[in-house]
Amino acid sequence: MTKEEEILAFLDDKVFQPILTSANAPKDLKAGARITRQRMSKLNAEKIIQYYWSAIVGTEKSINFARNMKASGFVRFEEILEEFRNKFDDAFLRTNS
């Protein structure tokens, strides 16, 4: 598994798939999850990690997306921050895949 696949598998498990497979997730939330995942899938590992941190810091779109995730009862990027930081640190990026 590449580093990119490893990061995306983690995010799929924790964030994306619970939304995408939910019968109760609003359509706009599903669309946002799909678009975010698609954008991340085109990046290298370092850029995926940067994208994640940008979502945490917040843009207008990411703040609204996180608000909608929380209101709908889904796990947000912010809620997996510590686990993400521990798994995908600088040492992770330096290791060979």
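Residues numbered from 1 in each chain as written. Predicted model: local features only at pLDDT ≥ 70, side-chain atom pairs only at ≥ 80, totals over all residues. Heavy atoms only, no water.

Novice: Which residues make up helix α2 (residues 27-41), and what values do they have?
Specialist: With 15 residues, α2 extends 21 Å from end C-alpha to end C-alpha; this agrees with the ideal 21 Å at 1.5 Å per step. Restricting attention to buried positions, one finds in α2 the residues L29, K30, G32, A33, T36 and M40. Burial along α2 is one-sided: seen end-on, the buried residues are contained in an arc of 160°. In this structure, α2 carries K27 and D28 as exposed residues pointing more than 90 degrees from its buried face. Next to the buried residues of α2 lie α1 (3-20), α3 (45-57) and α4 (60-71). (Helix = DSSP H or I, 4+ residues; strand = E, 2+ residues; numbered from the N terminus. Expected span 1.5 Å × (residues − 1). Buried < 20%, exposed > 50% of the residue type's maximum accessible area, 1.4 Å probe, protein only. Arc of directions from axis to C-beta. Contact = heavy atoms within 4.5 Å.)

Novice: Before we move on, could you go through the pattern of salt bridges and cite the residues and values that matter?
Specialist: Enumeration according to the criterion identifies 3 salt bridges in this entry. The residue E83 makes a salt bridge to K14 at a minimum N-O spacing of 3.4 Å. On the criterion of sequence distance, the pair formed by E83 in helix α5 (residues 81-87) and K14 in helix α1 is long-range, its members being 69 residues apart. In this structure E83 comes out as partly exposed when scored by relative accessible area, which is 35%. A salt bridge links R76 to E79; the nearest nitrogen and oxygen atoms lie 3.1 Å apart. The class for E79 is partly exposed, based on a relative accessible area of 48%. (Salt bridge = Lys/Arg side-chain N within 4 Å of Asp/Glu carboxyl O.)

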